[in-house]
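Here are the chains, one letter per residue:
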Amino acid sequence: MDKSWMHADRRSLKFQIGVDNFLKFALANASDKSSICCPCMKCCNNDEFSIRVVKDHIYFNGIFAEYKQWKWHGEPSTMNNNRVAESETVDFHQDLGQLGDKNNGIEEREDEEISRDSNEFLKFVKDGDKPLWPGNTKMTKLNAIIESFNLKAKHGMSDHCYSDMLMMIAMFLPEDNEIPGTVQEAKKSLAALGMGYEKIDACPNDCILYRGEELAEAKICPTCGASRYKLNKDDVPREGVSAKVLWYFPPIPRFKRMFQSTTTAKALTWHVDDRKMDGMMRHPADSPSWKLIDTKWPEFGKEPRNLRLALSSDGFNPYRSLSSKYSCWPVILVTYNLPPWLCMKRKHMMLTLLIAGPKQPGNDIDVYLQPLIDDLKKLWDGIEGVYDAVRGEYFKLRAVLFWTINDFPAYGNLSGSIVKGYNAYPVCVDETKPYRLKHSKKIVFMRNRRHLPRHHPYRKQSAAFDNTVENDVAPIPLSGEEVLSRVKGYVGRKFGKKNPIPPWKASDNQNRPCWKKQSVFFELDYWKYLPVRHVLDVMHIEKNCCDAILGTLLNIPGKSKDGPAARMDMVEMGIRTDLQATPGPNRSKFPLGSWNLLLEEKKIVCRSFFGMKVSSRFSSNVRNLVSMEDLRLVGHKSHDCHTIMQILLPIALRSVLAKPVRYAIIRFCLFFKAICSKVIDVSKLKQMQADLVDTVCLLEKFFPPSFFDIMIHLTVHLVREVELCGPVFLRWMYPFERYMKVFRGYVRNHNFPEGCIAENYIVEEAIEFCSDRFLDEGATTAGIPTKSLSGLCNGCKRLSGSVMVAVPYKQLQLAHLCVLRNTEDATPYFIEHMEFLKLIYPDMKKKKKWLREKQNATFADWLKKRVANEMMFPHNQVSEALRVKRLVASAKDNNPKTRDMDFYGVIREIWEVDYYKFRVPLFKCDWVESSKGIKVDELGFTLVKLNRLGHSNDPFVLATHVKQVFYIEDPLDTDWSVVVRCPDRDYEGTLADEESDQIEVEHQPFIPTMPSVDTFDDLVGHQPSIHIRDGNEGIWIDN
């Protein structure tokens, strides 16, 4: 009997057929048909189970590869005499014992853990292996629970709705079915598969966790004296009712389970097996931080299965709008071993801590992180006995934490640095050099000229900036070892709300503090060697910059950086004194600065936003964000700011403001567009940093000092983090913020929000673990959303409003010609036909346009005759596609025949051409005339004139050969429209697709034709009135 399947991939058809044949053989030779020996890697023929359980064990654990002669399943011995057979039997038992000794040698603790897991799994399988109803052989109880719970998780179904659905399904099935009656019963059935969680009591003032030998049995906090339990009305502790709880989800067993899934285990080595290495930066594996780990600890780098992690934490309100004060803090781990299209997906975001509210932990978050830090230490040392389902072996798993991902306030909580006031950024530390505005009463950061080259002309232009000449150089970031040496004095500081950090007093003969604690992450041996330990969140920085620009341009109350205090601060600094107020009897008039929009310009900008119609899922409805009465934008969220900053704002500003000011703002927007790219050209990062510093200095020339808060300053340090850590889209808060929305949806009982989140999370992770094994191939789960349908048009469904139509013969010929032109097999025939036309019409050889039109009109009929004649010969070379249809094309061609130019148009009709064996979707479009209907301006905007049509003889295009765009009316000239290319829905790298590495999730960048900084200087010169807008408009303030 063929036994080669025992070494095959468990996902392969060969393995499946081999398992089925083995089980049939074992059942035919079994003395007891109800149970046979289990030959999986864990049982090793020591235990007996039913056929169904044995099959599950083989798929989950793999088959014992050294079991070459199936003695325990009826295979006769190959020896001829009893003595030899007896000695062989003894040898087999000895080998089995040696194998047991070898497995036990890993560690007794690991064996006990595996045994315990196996027993729990056995109970789960025995219960789930029951048929859904007596006599049913296609569906088991486990299949039904997993399928139904997957629907619940995907569609956010409430518990009541799910219970009602179970009752309805049970009504349609025969009696004595195994469908659970309620959601609680279904959860119990999945409990054995979930990893579970631990509840650790905490001091309500965030001083300590009640864990360890000394504190596990304590009832009063030794730091602040607060009771461990809640107090009743008489201030008597309610025994057993904890005042505050930490929900801990141990990551080590979850990492082990990731390697038990063949799909996930294979993806965890993507960075070695399938990553494209061409010098471009697509993934943290391409970054210096990754390479530092491999170089400094080569033993760690040699094992591709060792994990690289990132940690994120932020607070959210689980009650939606019912309470604005309650703050619940999850701590989430992501794994960078996975490919970029998976590592930030919901399925692979691992919840490790859930810190209960109602108050945020703030600076005391280190207390709650301690259990996780202890496990991260173990992971760095190594966890023995982790089973790899792909390779079928046990190995030692190690893991390293790269960095944390947070918004800026949480950045300070996790890093221990001060993020407010004079030393607000730990990279610059005491070299931040802020300036306090006397009248605005705020700290600003205007020393960005330090980052310019030594002899840059801006360094000496004092009047244009803050009235000083800049001679200093940019501060050098501190290394982890330098930071650790500075914070050693904070070791031993007591945590808790009753032990606040003492305020710094100016009378103290000490420098202002830059730190408030030594971060708990420094307990990790490798932490001090990492170049970037806490990354800046581009999402929040971009949102704050967008709010500042919009608020200042439109003079939105509460968001504008301009005002009487800002004008008085400029007078105090001795700059732009012509912008000070002109006092009146009742009101004072402030002239409009270079950053202020005139009333008519506000209307133009708001009308432009109001008229924008974006594609589905590009952003929220922009029209709803515009208030035409107040001439402002309101209610925009983080992702709205993302699209406004990178796409919509540069378009809306095309016809307003002075040219230097407008170009400076657009340059700032283009920086965010470039840095958010999914593929980074490392060689261009240095120039990107230089352009950004120039742009921020330009903004300093045209905007008031109050504009330059810490968020504007942080942009100067973003390129450094891209260079060291990799692309931004794997280090920002968008996926974590979306995941917190999922957590909020878990809350059904407002009295116990954290309990609802914990219970729903462990059920969902159990479903995700089972999805590869029990759900049908192609089934989607909540953790991995539906893939993009781009490239899958040949198998897509028709739209609901589609109808069958008969079209004119000429239109059908044009559609058919489009299909042929994009068919690989038809290319030689096109060449042959063109030579045929030149031979027949020798006078028209040089008239390419005439020849092209003639070919379009005659090629289809010529091809039909040509293929028919060729098929008359028995050994012809006609492909199967042309043989069957004579005019067939495949909708899956990946190499469209295109020119070196783009065509723009508007879809008028969607056709599906039926070739009987398959269908080809086509778009019938109105194309814009290429020569005079398309242009690219000096800013890189592509503009089209939609009323100037061309290419009427070629209206069709394959649906697989287009990219979606939409058009926004140009405020500068309404006859033209600006082209905006939509991002692809999703992406996944595949070896078969040559374009798989062109990751186009981000908005497409502009053509880099921005004017240089010198151009702005020529426009501005040394005219003092450049800071005042023309006209008599102003801002009136009551005295």
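Above this text is the structure in question.
Residues numbered from 1 in each chain as written. Predicted model: local features only at pLDDT ≥ 70, side-chain atom pairs only at ≥ 80, totals over all residues. Heavy atoms only, no water.

## Here we look at the side chain of Asp 364
Counted only if it meets this: A run of H or I in DSSP becomes a helix once it reaches four residues, and a run of E becomes a strand once it reaches two; helices and strands are each numbered from the N terminus. In this scheme, a residue with accessible area under 20% of its type's maximum is buried, one over 50% is exposed, and one in between is partly exposed, where area comes from a 1.4 Å probe on protein chains only. Any pair of nitrogen or oxygen atoms within 3.5 Å is treated as a polar contact; in protein, a donor-acceptor pairing is required on top of that, and neighbouring residues in sequence qualify only through side-chain atoms on both sides. Contacts are assigned to residue pairs that have any heavy atoms within 4.5 Å of one another.
Considering the arrangement of structural elements, one finds Asp 364 in the loop between strand 10 (350-355) and helix 14 (365-381). Asp 364 gets classed as buried once you look at its relative accessible area, which sits at 5%. Of note is the side chain of Asp 364, whose polar atom sits 3.3 Å from the side chain of Lys 497. Those residues in contact with Asp 364 that sit more than four places away from it in its chain are Asn 205, Asp 206, Arg 493, Phe 495, Gly 496 and Lys 497.

## Focus: the sheet that holds strand 13 (residues 399-405)
Here is the rule: When DSSP locates at least two bridges between a pair of strands, those strands are taken to pair. Lines fitted to C-alpha atoms define the axes here, with helix axes fitted over just the stretch in contact, and angles between the N-to-C directions of these axes take values from 0 to 180 degrees.
Overall, mixed pairing links the 7 strands, which are arranged 3-6-10-9-8-13-16 in an open sheet. Edge positions in the sheet fall to strand 3 (198-202) and strand 16 (534-535), since each of these pairs with one other strand and no more. In this structure, strand 6 (residues 244-248) lies alongside strand 10, joined through 3 bridges in antiparallel fashion. What sits directly across from Tyr 248, in strand 10, is Leu 353. Helix 9 (residues 251-258) contacts strand 6, strand 8 (307-313), strand 9 (329-335) and strand 10 of the sheet and is inclined by roughly 165 degrees relative to strand 10.

## Some words on helix 2 (residues 51-61)
Burial analysis of helix 2 places 8 of its 11 residues in the buried class, the great majority of the element. Those residues of helix 2 lying buried are Val 53, Val 54, Asp 56, His 57, Ile 58, Tyr 59, Phe 60 and Asn 61. Positioned one or two residues after helix 2, Gly 62 has a phi angle of 85 degrees, which is positive.

## Description of the environment of Arg 320
Positionally, Arg 320 belongs in the loop between strand 8 and strand 9. Sequence separation of Arg 320 and Gly 745 is 425 residues, and the distance between their C-alpha atoms is 9.1 Å. Ignoring sequence-local partners within four residues, the contact set of Arg 320 consists of Arg 744 and Gly 745.

## As for the pattern of salt bridges
To keep things clear, this is the line we draw: When a carboxyl oxygen of Asp or Glu is within 4 Å of a side-chain nitrogen of Lys or Arg, the pair counts as a salt bridge.
A complete count under the given rule lists 35 salt bridges for this structure. We note a salt bridge from Glu 765 to Arg 257, for which the minimum N-O separation is 3.3 Å. Pair noted here: Glu 765 is in helix 26 (residues 753-774) and Arg 257 is in helix 9, with a separation of 508 residues, a long-range link. Residue Glu 765 shares its accessibility class with Arg 257, and that shared class is buried. One salt bridge in this structure joins Glu 303 and Arg 305, with 2.8 Å as the shortest N-O distance. Of the two residues, Glu 303 and Arg 305, neither departs from the other in class, the shared state being buried.

## Side note on helix 17 (residues 538-553)
Selection rule: Expected helix span is computed as 1.5 Å times (number of residues minus one).
Between its first and last C-alpha atoms helix 17 spans 22 Å; for 16 residues at 1.5 Å apiece the expected length is 22 Å, and the two agree. Most of helix 17 sits out of view: 14 of its 16 residues are buried. At the N-terminal boundary of helix 17, the capping side chain belongs to Asp 537, with an oxygen 3.3 Å from the backbone nitrogen of Met 539. Looking one or two places after helix 17, you find Asn 555, whose phi comes out positive at around 55 degrees.

## Points about the sheet that holds strand 18 (residues 587-591)
The antiparallel open sheet is built from 3 strands, whose spatial order is 17-18-30. At either end of the open sheet lies a strand with only one pairing partner, and these are strand 17 (582-583) and strand 30 (1034-1038). The pairing of strand 18 with strand 30 spans 5 bridges and is antiparallel. In the strand pairing of strand 30, Ser 588 is matched with Ile 1037.

## Focus on the packing of aromatic side chains
The criterion, for reference: Stacked, tilted and edge-to-face are the three classes applied to pairs of Phe, Tyr and Trp rings, where Trp contributes its six-membered ring and a pair requires centres within 6.5 Å; stacked means planes under 30 degrees apart, edge-to-face means over 60, and tilted covers the rest. Either the NZ atom of lysine or the CZ atom of arginine qualifies as a charge over a ring when it sits within 6 Å of the ring centre and within 35 degrees of the ring normal.
A complete count under the given rule lists 33 aromatic pairs for this structure. Residues Phe 521 and Trp 527 carry aromatic rings whose centres are separated by 5.0 Å and whose planes lie at 25 degrees to one another, so their mutual orientation is stacked. We note that Phe 521, like Trp 527, is buried. Seen from their ring centres, Trp 732 and Tyr 734 are 4.8 Å apart, and the 80 degrees between their planes marks the pair as edge-to-face. The pair Trp 732 / Tyr 734 is uniform in exposure class, with both members buried. Feature note: the residues Trp 5, Phe 15, Phe 22, Phe 25 and Trp 70 constitute an aromatic cluster, connected by ring pairs. Sitting over the ring of Trp 297, Lys 296 keeps its end group 5.9 Å from the ring centre. The aromatic ring of Trp 380 is capped on one face by Arg 398, whose charged end is 4.6 Å from the ring centroid.

## Overview of the environment of Tyr 746
Tracing the sequence through the fold places Tyr 746 in helix 25 (residues 734-746). What makes Tyr 746 buried here is its relative accessible area of 9%. In the structure, Tyr 746 is positioned 593 residues away from Ala 153 in sequence and 9.6 Å away in space, judged by C-alpha atoms.

## Thoughts on the packing of helix 28 (residues 827-840) against helix 29 (residues 848-870)
Each packed pair of helices is defined by two parameters, the angle between the axes and the distance between the axes. The condition that has to hold: Angular relationships are summarised with four words: roughly parallel below 35 degrees, roughly antiparallel beyond 145, roughly perpendicular across 65 to 115, and oblique for the angles in between. What makes a crossing left-handed is the near helix being turned counterclockwise from the far one by less than a right angle; a clockwise turn instead makes it right-handed. Ten residue types, Ala, Val, Leu, Ile, Met, Phe, Trp, Tyr, Cys and Pro, are classed as nonpolar, four, Asp, Glu, Lys and Arg, as charged, and the remainder, Gly among them, as polar.
Running from amino to carboxyl end, helix 28 crosses helix 29 at an angle of 115 degrees, the nearest separation of the two axes being 9 Å. Comparing their axes, helix 29 and helix 28 come out roughly perpendicular. In this structure, helix 28 meets helix 29 at a crossing whose hand is right-handed. Residue-level contacts link Tyr 829, Phe 830, Glu 832, His 833, Met 834, Phe 836, Leu 837 and Lys 838 of helix 28 to Leu 851, Lys 854, Gln 855, Thr 858, Phe 859, Trp 862, Leu 863, Arg 866 and Glu 870 of helix 29. Residues that form the contact of helix 28 with helix 29 fall into these classes: 9 nonpolar, 3 polar and 5 charged.

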